[in-house]
Structures are given as structure tokens and as C-alpha cells.
Amino acid sequence: MHQYLELGNGINIPLYNLVIGFGAIVGFLILEKQIKEKHIDFDTDKNIYISLIIASIFSFLGAKVFETIYKQQIINLHIILQSGITFYGGLILGMGSFYLINLILKTNNSIAFNMTVPSLIIGHAFGRIGCFLAGCCFGMPTENYFGVTFPNGSIPFMHYGPNIMIHPVQLYESIFLFILFFYVIKFVSFNKRTAFYCITYGIFRFFIEYLRGDYRGVLIVNSLSPSQVISVILTLFGFSILIIGDHLNKNIEKAI
Amino acid sequence: MPDIKFNCPKCNGEFTVDSSLVGRLAECSQCKTRIRIPNSNVSTEQPTIVLSSSKPQTNEPIEPQFSNYSLGNTKAIKMKQTNMAKKGTSNVPMIMGIIGGVLGVPAAFCSGACAACIGAFSDASKGTTNQTSELGNFYLWMGIIGAIAGLIGGILGKKFPVPAGVIMLLATFMSGITLIAGNLLALIVAILFLLGGAFCFTQKKEDVA
């Protein structure tokens, strides 16, 4: 929509990056607040931050690598550097590495995950606003009231041509994530946050994929997009940790 | 002589002193409370304190009085606290680090492209072919590594103030180098990292056990 914030003298600040940065700041402030509220000791606090930083690096790599896999490109450094990023790629490798690093640092994984999930949700919500401003991850053409047109030079403009109204799917997702964030913070018990997030986001993402207009790639099943396949797995994973981890969570609740 | 462990009744800081100092008056290095060194290990329990019961209860902090210590003074001993780490209190390094980091990546690409252009002009004038990619790659990677370092330094600014400050100053230097390619966005990034680094060192710090 508006890719750059022009400050004059040739300084153009990419709004996508700026909004993602703002989301990350809000996410970290919320994480700090959570750590204070739950009286987490300093060692666990430190370990969560160290795990988060290392997991973020893996997450970024995962987001890039999955993009090349979806698009069935050859994986090499040059293509990975030039490719875009996918949320699910980052989530899978990020969550996996976060789990492993927590194991190495002997941090309670349930506490670490449930503590960071609200920050992930709010960061993702801001990230989708960034997507809307950059014009990526766009929707399909529509004639309904919510339809938007993108300016000349933007990715949807080049994809569909001028004056085509499309679904602002980035904003749909952003609104959903903001609502999910407040619901998770206010109404979901601490131990069930990760499971709740996996289930609700997985289901939402599965259906919102039908409104996406950009190239969705191929993975395993031709009739579903790669993101829909991962959404199904994520939802099942959410249910499994909800059921299996129930008795473990009771012990953790006592520890907090 | 064995060591004696005990806690400050006011700030709960943990101290270890030589048992030959039992009964001597000591001063807590953190809150300056004077404490009589007890004659046994009380590492987990607070010494008995008597709070004034004649005053009505208020929300104001009440100064503890020691009932089991006579205040006939001997030489006051300055103690060194054990197992204490310093933690920052400001969110400024985190904010500066994240904004600098997310702007540093496009700035690095911009610097790489500008440097490649400069290299291409140089190649054209000298009749060589290698400076374009070398210069471009150098500024690109310098900017990217600087942005990542600044981001990491900023995020850790509260947990590890001094190392984070050093990392952020290093990131300032790396982003500053890419300014040679004439990229003003890198200037903003370098200023953000510099401010973040300065805040890492100067922020108010508190002890954590």
C-alpha cells in the first residue's frame, strides 16, 4: 500500500520493516510484563531470552528455506538470500530450535512456550500490517465492501492490473491475531496458551488460505496449499499437547 | 575458620563472612543497613525482626528493628555480597536495537548496491573487473552483521548490560563503516545503535540474586 516512509534527502524507510520492528518491541515488552507477573527467576528469564535470540536466527533461516521449498526452487545460498519469507517456515524451525535450546539450557519448556506465545501473536499481528503496507501476501479479487485496490507499482497491481478490488487478507489475519492475543491473555489459562494458539491459528489459517491470491506453492498434496497442510498438522499438534500435556501442566502450575 | 552465611533483613542480600567476625557490627554494601553478624548460618531465614506494633498499619515501608542484636558498637565491617548479578532496568536499548536492526538490513542492501556501483566506476576507469562484487559484498555483509549484532545487543541490553553495550558499540562501528557508501539510512541505524549502547552502560542497574 505504502512501501516507504519518505524522510527527504533520499532517505526512505521501508514501512514493512518498521512495523515488524514495532511488533517485536511490543512483543518483548509484553514478555517482560509476563515474566514480572509470573515471578520468573532471573536465570529462567535470561535463558528464555538467549533461547529466543538463537531461535529467531533459526526462524529467519527456516522462513527463507521454506519459501524456496514451496516454490520448488533449488536450495542454494544465493536463492535463499533473494527469496521472501514464510511465516510457517519460521514457526516450525523457530519452535523446534526454541524447544531444543531450552532443553540444553535446562529451562522448563512449558513455561518458556506459554510465556512467549502472546508475544509471538502480537508480533505476528503487526507483521501482517507490514505485509499489507508492502503489498505482499495479498488476497483474491472481490466485489464486496471490504475490497481494496493497491497503487501502481505494488505487487498486487502488477499481478492483477489496475483498479482490481482484492480481499485485504493481511488485515483480516491481523485483526484475528489481535483478538486472539487479547483472548489468550485474558481468558486462556497459562498452561493452555500454546495449545490454544496452535489450534485456533491453524484452523483460521486453513480457511483464510482460500482467500489468498498470491502463489501458494506445492507441498505433498496438490489440492491443498503448503500452508493448509501445515495448518492441519499444527492444529493436530495443538490438540495433542492439550491432551497429553494436561497432567504435566498441573505440576507446572504449582511451580509458578 | 568456617564461613557464615546470612541475609540482610532489609534487602535480603546474601552474605558470606568469616566466622571469626561473629558478633561484630557490619554494614550491608547495598542498602547500608547495619547488621550484627549472627553466630550461626541463617542463609535461608531472615533474622528475627520486631516491627513496631504501637503504630497503626500503613502502606509506608517500616524500618526493621533488631531484637536479638545488641547495638553496643564494635568496628563496622564492609561486606561483599555473594552470588549477585547486575540487571538493567531500561527498555531503551531494546527499542533502539530492534529499530536499528530492522532498518539495518535494508540499509545494508542499499550500501552493498551503492558500493557495487562505486566499484563498477572504479573498474571502468582502471580496466579491471573484480572490484564491483568485492566492494558490494563487503559493505552488504558488514551492514547485515552489524544489524544482527545491534539487534542482539539491544534485546540483551537488560539482562547483560555491559556485554550488550559492547556489542551495540561494535554494531555502531560496523554500520558506520557502511556510511562510506553514501547511505544515509545507515547513519540513522548507527545513531540508534550508539544511543542503545550508551544506554546499556548508563541505565540504572539493580541486583538480582
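Computed from a prediction, not measured in an experiment: that's the story for all the values here.

Calculation rules
- Residues numbered from 1 in each chain as written.
- Chains lettered and ligands numbered in written order.
- Predicted model: local features only at pLDDT ≥ 70, side-chain atom pairs only at ≥ 80, totals over all residues.
- Helix = DSSP H or I, 4+ residues; strand = E, 2+ residues; numbered from the N terminus.
- Rg over C-alpha atoms; globule rule 2.2 N^0.38 Å.
- Buried ≥ 20, exposed ≤ 12 C-beta atoms within 10 Å, placed from the backbone.
- Contact = placed C-beta atoms within 7 Å.
- Axes fitted to C-alpha atoms, helices over the stretch in contact; angles between N-to-C directions.
- Parallel < 35°, antiparallel > 145°, perpendicular 65-115°, else oblique.
- Left-handed = near helix turned anticlockwise from the far one by under 90°.
- Nonpolar A, V, L, I, M, F, W, Y, C, P; charged D, E, K, R; others polar.
- Core = buried A, V, L, I, M, F, W, Y, C linked by C-beta atoms within 7 Å.
- Pairing = 2+ DSSP bridges.
- Expected span 1.5 Å × (residues − 1).
- pLDDT = per-residue confidence, 0-100.

**Points about the overall build of chain A**
Okay, so step 1: When helices and strands are tallied, chain A shows 10 helices and 2 strands.
Okay, so step 2: The secondary structure elements of chain A, listed N-terminal to C-terminal, are β-β-α-α-α-α-α-α-α-α-α-α.
Okay, so step 3: Whereas a compact globule of 256 residues would reach a radius of gyration of roughly 18 Å, chain A reaches 19 Å, a difference of no more than 12%.
Okay, so step 4: In terms of its C-alpha atoms, chain A occupies a principal-axis envelope of roughly 60 × 50 × 40 Å.
Okay, so step 5: Across the 256 residues that make up chain A, the buried fraction comes to 41%.

**Some points on the overall build of chain B**
Okay, so step 1: A count of helical and extended segments in chain B gives 4 helices and 9 strands.
Okay, so step 2: Walking chain B from its N terminus toward its C terminus, one meets helices and strands in the order β-β-β-β-β-β-β-β-α-α-α-α-β.
Okay, so step 3: Counting only residues that meet the buried cut, chain B has 38% of its 209 residues in that class.
Okay, so step 4: If you take every contact in chain B between residues at least 6 apart in sequence, the share linking residues at least 24 apart comes to 67%.

**Thoughts on the packing of helix α8 (residues 193–208) of chain A against helix α9 (residues 226–244) of chain A**
Residue and element names in this part refer to chain A.
Okay, so step 1: Two elements in contact, α8 and α9, have axes whose closest approach is 8 Å; the angle formed by their N-to-C orientations is 155 degrees. As far as their axial angle goes, α9 and α8 are roughly antiparallel. Of the two elements, α8 crosses α9, and the hand of that crossing is left-handed. Contacts between α8 and α9 involve Thr194, Ala195, Cys198, Ile199, Gly202, Ile203, Arg205 and Phe206 from the first element and Ser227, Gln228, Ser231, Val232, Leu234, Thr235, Phe237, Gly238, Phe239, Ile241 and Leu242 from the second.
Okay, so step 2: Residue composition of the contact of α8 with α9, by class: 11 nonpolar, 7 polar and 1 charged.

**Looking at the nonpolar core**
Okay, so step 1: In terms of nonpolar packing, the biggest core is built from 93 residues, with Ile121 of chain A together with Ile98, Val189 and Phe193 of chain B touching the most fellow members.
Okay, so step 2: A per-element tally of this core places helix α5 (residues 109–134) of chain A first, with 15 residues.
Okay, so step 3: Ignoring anything within four residues of it in the chain, the contact list for isoleucine 98 of chain B reads Gly21, Ala24 and Ile25 of chain A together with Leu151 and Gly154 of chain B.
Okay, so step 4: Counting 7 residues, the second largest nonpolar core, distinct from the first, contains Ile4, Cys8, Phe15 and Ile35 of chain B.

**Quick look at the pairing of strand β1 (residues 3–7) of chain B**
Residue and element names in this part refer to chain B.
Okay, so step 1: Alignment of β1 against strand β2 (residues 14–18), held across 5 bridges, turns out to be antiparallel. Following the sheet pairing, phenylalanine 6 is matched in β2 by phenylalanine 15.
Okay, so step 2: Between β1 and the antiparallel strand that follows it, β2, lie 6 residues; asparagine 12 among them carries a positive phi value of about 65 degrees.

**Description of α8 of chain A**
Residues and elements named next belong to chain A.
Okay, so step 1: The end-to-end C-alpha separation of α8 is 22 Å, in line with the 22 Å expected for 16 residues at 1.5 Å each.
Okay, so step 2: Within the sequence span of α8, burial applies to Arg193, Thr194, Ala195, Phe196, Tyr197, Cys198, Thr200, Tyr201, Gly202 and Arg205.
Okay, so step 3: Buried positions along α8 lie against α5, α7 (169–187) and α9.

**So, unusual backbone geometry**
Residue and element names in this part refer to chain A.
Okay, so step 1: Here the phi dihedral of histidine 39 falls at roughly 55 degrees; this positive angle occurs in a residue that is not glycine.
Okay, so step 2: Tracing the sequence through the fold places histidine 39 in the loop between α1 (15–37) and α2 (42–70).
Okay, so step 3: For histidine 39, a count of 7 C-beta atoms within 10 Å translates into the label exposed.
Okay, so step 4: With a phi close to 60 degrees, lysine 106 is a non-glycine residue in the positive phi region.

**What to know about the interface of chain A and chain B**
Okay, so step 1: Listed as interface residues are 17 residues of chain A and, on the opposing side, 18 residues of chain B.
Okay, so step 2: Breaking the side of chain A that touches chain B down by element, the ones donating at least two residues are β2 (12–14), α1 and α2 of chain A.
Okay, so step 3: With 8 residues, α1 of chain A is the largest single contributor of residues to the side of chain A that touches chain B.
Okay, so step 4: Residue composition of the side of chain A that touches chain B, grouped by class: 12 nonpolar, 4 polar and 1 charged.

**Some words on the environment of tyrosine 88 of chain A**
All names here are of chain A.
Okay, so step 1: By the element assignment, tyrosine 88 lies in helix α4 (residues 87–104).
Okay, so step 2: Residue classification places tyrosine 88 among the buried positions, given that 22 C-beta atoms sit within 10 Å.
Okay, so step 3: In contact with tyrosine 88, other than residues within four places in its own chain, are Phe66, Ser227 and Ile230.

**A short note on the environment of lysine 86 of chain B**
Okay, so step 1: Here lysine 86 of chain B shows up in strand β8 (residues 85–88).
Okay, so step 2: A sequence separation of 76 residues divides lysine 86 of chain B from valine 162 of chain B, and the C-alpha atoms of the two residues are 9.4 Å apart.

**Section: α1 of chain A**
Okay, so step 1: Taking 1.5 Å of rise per residue, the 23 residues of α1 of chain A would be expected to cover 33 Å, and the 33 Å separating its terminal C-alpha atoms lies within 8% of that figure.
Okay, so step 2: After α1 of chain A finishes, the residue histidine 39 of chain A shows a positive phi value of roughly 55 degrees.

**Thoughts on the confidence of the model for chain A**
Okay, so step 1: Averaged over chain A, the pLDDT score is 87; the fraction of residues at 70 or greater is 96%.
Okay, so step 2: Across chain A, the element-wise mean pLDDT spans from 60 in helix α10 (residues 246–255) of chain A up to 95 in α7 of chain A.

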